[in-house]
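# Observations on the model geometry
So you can see what is in the structure, the chains are spelled out below.
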Amino acid sequence: MDLRQGIGLRKLGKTAEEFQQDLLSNLYYRRGTTVESASARDAYETLSQTVRDRLAERRARTAAAHYASNPRWVYYLSAEYLLGAQLEQNLLYSGTGEIAAEAVKALGFSIEDLEDLDIEPGLGNGGLGRLAACLVDSMATRDIPAVGYGIRYDLGIFRQIITENGQTELPDDWAFQGNPWEFPAPDDRQTVGFYGHTEPVPGSQTRKVWVPGEIVLGEPSHMLVPGYGTETVNIVRLWSAKASEASFDLSRFSAGQYAEAVQEAVRAENISKVLYPDDSTELGRELRLKQQYFLVSCSLRDIIRRFRLRNEGWDGFAEKTVIQLNDTHPTIAIAELMRLLVDEYELEWDRAWEITRKTFAYTCHTLLPEALETWPVHLFERLLPRHLEIIYLINMLFLREVEARFPGDDDRLRRMSIIGEEPRMVRMAHLAVVGTEAVNGVAELHSKLLRETVLDDFAELWPAKFQNVTNGISPRRFVRIANPRLSDLITEGLGTDTWIRDLERLEGLERLADDASFRERWQAIKRANKVDLAAGDPDSLTDVMIKRFHEYKRQQLKVLHVITLYHRIRQDPGRDRVPRTVLFAGKAAPAYHAAKDIIRLIATVAATIEKDPVVSPYLKVVFPSNYNVTLAEKIIPAADLSEQISLAGKEASGTGNMKLALNGAITIGTMDGANIEIRARVGEENFFLFGLDAYEAANARINGYFPHRYYEHDPELRAALDALGSGAFGESGQRVASSLMSWDEYLTLADFRSYLDCQEQVEQAWHDRERWTRMSILNTAHCGFFSSDRTIADYAARIWRVAPVPVPHDD
Ligand code: F55
């Protein structure tokens, strides 16, 4: 048999009997147990393997098709992936949901029970990590040859427990029971250097030899990333740090110094031990820079290895390769590729630089100045001495270019330099802009503000480099899987399920918004989803704010609203009111004390309301622990109102806003991030807008912002802040109030009245249930644009210039 002609595999069966046979064979031969003694975990592992095998077969065909066509590849470099649970997704994507359910039933289990055993790899913090997962899903769905590279952290984002005392954190040993979805690939191990010194190469101006002082191994494993409704199965390749043999000190061990003997090995393996739980605040810690370089060094060598399988020399490299940097975290790749090309492959500097610049593209995810990554020069010098030299040279040549364009403008040179002065820092965003062919923001407003503010000098120098690619979300995970009831109704209403791959078809729901019986079913589904969630009265308005805790996102504004409602009910208990269930979920970085105070305050407010018999019939605050992808999939389908209330100009895009709108929640939000694009699509009458816009917000302090004035002029605001200040809601409440009264960085008080007025409009609309339901349907109908399939089509056409490579069917 010539394996190169096809993939030489026996076909895996498509019938329930064949699936069941494979399940049994996996139970006996791989799991090593029997039907009689199989536990739920045995059944889960075996089912996962059986499903995985079906995808692995598609994976083999994908690899064969890619190998044959030698295409242009997309490599997505991201320090984070929030992939979510895998079983249900893989059942759906492999089309084995029904036969699998039958087969496990014969073993005495239900598929739902086994799905409960499926854990999620929490290898990310929030939006950025989940975006990476949605984008790899859509790359596979769009048949784009792609590999996602990341780090296989032993401990993912911490497990959160909410009590009346606020948030506590526990380690997340996510793969403790094994991970059936993962394939180790020890043969593709890489060697990574750190520290040490550089030596000149005689006769060369630019080449150097780097002699590292520490060597660590990177061992890859991969998870399958199937496309939906297509044959493509791509991979996400995750690196684990392993100590080299040499790092075990046998002589110390023999001398009885057991801890010292393994000390170096432990240090090496710490690199992939834990995900940094901070979003948006850079810590400047050495271990984090080590993680970044570890990811980059392993991945680039793997990319080059893969290129060399089909190509020779370097001429074709930039044509066959595009490397997308997910924020600045993997930006050291620019210096690393230069190092590999110049020092190891002996290319001329200019040629190496041309290749490097053409190969990379950079996505920025923030506007917060404190989230723009910088590293102390001295740390860089110690950890990555050769990379610092290369960055200096890149910077010198770059500043020469700037000087030629703007002679004598020293201030501009200082602003644009990759090296900041006092203290001396490496500015990763500057390196990312200088070393790439394309730079994009993640929503229209964000991209515009990047050009006008943070990166304005660069946009002036290279206007064509700057683009917008508005974020999107996977309709499979966040509609089809999360909300099966609504999905079935949509499919019935449209007469087809093609919307799952072609989300703009949801427009067809527009006419159904006028159909009373359709509206009734729509409403019944929302209610049933609320019953499933069991967060509160299913007939109450379910008002959700689910996202990381950060002051710029303004959970504190929502708390002021809740306290005001509480006061209103107490003052006039007899009045008829809209019952509300306010649901908060999200994690705060463990060291972010102000955010943790807000969490604790919410827990206290929730308990106070619960105990109050006058208020509790109308108002309930719930705060489920440990917000993650799995919990999001339960909450989102049950939401009526979506809180997107960041200070305008601070939220780059948001993606929760898209997930909620697509599931028929109506947004109350500011003119921020993708809210603006959601509003433009669903129509202003189907969106609750309030607050300052980004320009007003930016000017507020310039014109003199005094939070105290709002306190003095608004009695309800005063009552809420006084209650907090009095200690009625604990010390955390006092600290939140004092921070708002003294500085209020995110203009919470300025937007308070506008927000409360807008919430009144929400209640008016809720009273008219027909109107509300129509708004809800129209939100879903008009949000098809926010599919990550569209996002990927944008990247593919405008940034990557890649074409799909279809994978043939097996019949
Ligand atoms: C993680 C680590 C560091 Cl060091 C910095 C930032 C992060 C992080 O998680 N950022 C993040 O999630 N950013 C978000 O990206 C989303 C996807 O583009 C946006 O929708 C969202 O607005 C932005 O805050």
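An unreviewed UniProt entry annotates the chain as Alpha-1,4 glucan phosphorylase originating from Actinoplanes utahensis. The UniProt entry for the chain carries this comment under Sequence similarities (unreviewed entry): "Belongs to the glycogen phosphorylase family." Taken directly from UniProt, the Catalytic activity (unreviewed entry) text for the chain runs: "[(1->4)-alpha-D-glucosyl](n) + phosphate = [(1->4)-alpha-D-glucosyl](n-1) + alpha-D-glucose 1-phosphate".

If you tally the helices and strands in the chain, you get 33 helices and 25 strands. Taking 28 Å as the expected radius of gyration for a compact globule of 811 residues, we find that the chain reaches 27 Å, a close match to that expectation. Expressed along its principal axes, the backbone C-alpha trace of the chain runs to roughly 85 × 75 × 60 Å. Taken across its 811 residues, the chain has 50% of its residues classed as buried. Here the contacts in the chain between residues at least 6 apart in sequence split such that 76% fall between residues at least 24 apart.

UniProt records the feature "modified residue: N6-(pyridoxal phosphate)lysine" (unreviewed entry) for Lys659 in the present numbering. Ignoring any residue separated from it by four or fewer positions in sequence, one finds Lys659 in contact with Ile473, Phe478 and Ile636.

This paragraph deals with the domain arrangement of the chain. Domain parsing of the chain yields domain 1 (1-69 + 95-115), domain 2 (70-85 + 120-245 + 274-371 + 428-470) and domain 3 (539-786). Taken over C-alpha atoms, the centre of domain 2 sits 34 Å from the centre of domain 3. Residue assignment for the side of domain 2 that touches domain 3 shows that the elements contributing at least two residues are α6 (127-141), β5 (159-163), β6 (166-170) and α17 (444-452). Considering every element that reaches the side of domain 2 that touches domain 3, the biggest residue donor is β5, with 5 residues. By residue class, the composition of the side of domain 2 that touches domain 3 is 14 nonpolar, 17 polar and 8 charged.

A few words on the site of the ligand. For the ligand, the set of nearby residues contains 19 residues, the closest of which are Gly127, Leu128, Asp279, Ala652 and Ser653. Of the residues belonging to the shell around the ligand, the class tally is 5 nonpolar, 10 polar and 4 charged. Taken domain by domain, the shell around the ligand gets at least three of its residues from each of domain 2 (70-85 + 120-245 + 274-371 + 428-470) and domain 3 (539-786).

Read from one edge to the other, the open sheet built from 6 strands follows the order β22-β21-β20-β23-β24-β25, with strand pairing classed as parallel. Of all strands in the sheet, those with a lone pairing partner are β22 (619-622) and β25 (688-689), marking the two edges. Where strand β20 (residues 541-546) lies against strand β23 (residues 641-644), 2 bridges are found, and the strand directions are parallel. Along β23, the bridge assignment pairs Asp543 with Leu641. Most of the contacts of helix α22 (residues 555-571) go to β22, to which it runs at about 150 degrees, and overall it touches β20, β21 (580-585), β22 and β23.

Looking along the chain, the bond that leaves Glu422 and enters Pro423 is cis, with omega of -5 degrees. Relative to the helices and strands, Pro423 is located in the loop between β16 (419-420) and β17 (425-427). Phi is positive for Asn70, which is not a glycine, with a value near 40 degrees. Taking the C-beta count within 10 Å as the criterion, Asn70 has 15 such neighbours and is therefore assigned partly exposed. The residue Arg554 is not glycine, and still its phi comes out positive at about 70 degrees. With respect to the secondary-structure elements, Arg554 resides in the loop between β20 and α22.

What follows covers the environment of Lys14. Relative to the assigned elements, Lys14 resides in the segment before α1 (16-30). For Lys14, a count of 12 C-beta atoms within 10 Å translates into the label exposed. For the pair Lys14 and Ala513, spaced 499 residues apart in the sequence, the C-alpha separation amounts to 39 Å.

With that settled, consider the packing of α22 against helix α29 (residues 715-725). The geometry of α22 relative to α29 is characterised by a closest axis approach of 9 Å and an angle of 100 degrees between their N-to-C directions. In terms of axis orientation, α22 runs roughly perpendicular to α29. Packed against α22, whose contacting residues are Leu560, Ile563, Thr564 and His567, the element α29 presents Glu716, Ala719, Ala720 and Ala723 at the interface. A class-by-class count of the residues in the contact of α22 with α29 yields 5 nonpolar, 2 polar and 1 charged.

Now for the pairing of strand β11 (residues 214-226). When strand β7 (residues 182-184) meets β11, the two strands line up antiparallel, connected through 3 bridges. Within β11, the position partnered with Phe183 by the bridge is His222. Summarising the sheet, strand β8 (residues 190-194) and β11 pair through 5 bridges and their orientation is antiparallel. Considered in β11, the bridge of Val192 is made with Val216. Pairing geometry for β11 and strand β12 (residues 233-243), over 11 bridges, is antiparallel. When the sheet's bridge partners are listed, His222 is paired in β12 with Arg237. Counting the residues in the hairpin turn of β11 and β12 gives 6 residues, including Gly229, whose phi is positive at 70 degrees.

Time to look at the nonpolar core. Among the nonpolar cores identified, the biggest contains 213 residues, and Val74, Val136, Ala333, Ile602, Val605 and Ile635 are the most heavily contacted of them. The residues touching Val605, leaving out its near neighbours within four places in the chain, are Val559, Val562, Ile563, Val621 and Phe729. Residues Leu23, Tyr44, Val104 and Ile119 belong to the second largest nonpolar core, which totals 18 residues.

With that settled, consider the sheet that holds strand β15 (residues 374-376). What the 3 strands build is an open sheet, ordered β15-β17-β16; its pairing is antiparallel. Pairing within the sheet leaves two strands with one partner each, and these edge strands are β15 and β16. For β16 and β17, the ladder comprises 2 bridges, and the chain directions are antiparallel. Each bridged residue has a counterpart across the sheet, and for Gly420 the counterpart in β17 is Met425.

Attention shifts here to α29. Of all the residues in α29, the buried ones are Leu717, Ala720, Leu721, Ala723 and Leu724. Relative to the axis of α29, the buried residues are bounded by an arc of 155 degrees and lie together on one face. In α29, those exposed residues whose orientation departs by more than 90 degrees from the buried face are Pro715 and Asp722. On its buried face, α29 sits against α22, α28 (707-713), α30 (730-742) and α31 (748-767). The first or second residue beyond α29 is Gly727, which carries a positive phi of 90 degrees.

Conventions adopted
- Residues numbered from 1 in each chain as written.
- Predicted model: local features only at pLDDT ≥ 70, side-chain atom pairs only at ≥ 80, totals over all residues.
- UniProt positions renumbered as here; feature names shortened; annotations may be inferred.
- Helix = DSSP H or I, 4+ residues; strand = E, 2+ residues; numbered from the N terminus.
- Rg over C-alpha atoms; globule rule 2.2 N^0.38 Å.
- Buried ≥ 20, exposed ≤ 12 C-beta atoms within 10 Å, placed from the backbone.
- Contact = placed C-beta atoms within 7 Å.
- Domains from an automatic or database assignment.
- Nonpolar A, V, L, I, M, F, W, Y, C, P; charged D, E, K, R; others polar.
- Near = placed C-beta within 6 Å.
- Pairing = 2+ DSSP bridges.
- Axes fitted to C-alpha atoms, helices over the stretch in contact; angles between N-to-C directions.
- Parallel < 35°, antiparallel > 145°, perpendicular 65-115°, else oblique.
- Core = buried A, V, L, I, M, F, W, Y, C linked by C-beta atoms within 7 Å.
- Arc of directions from axis to C-beta.

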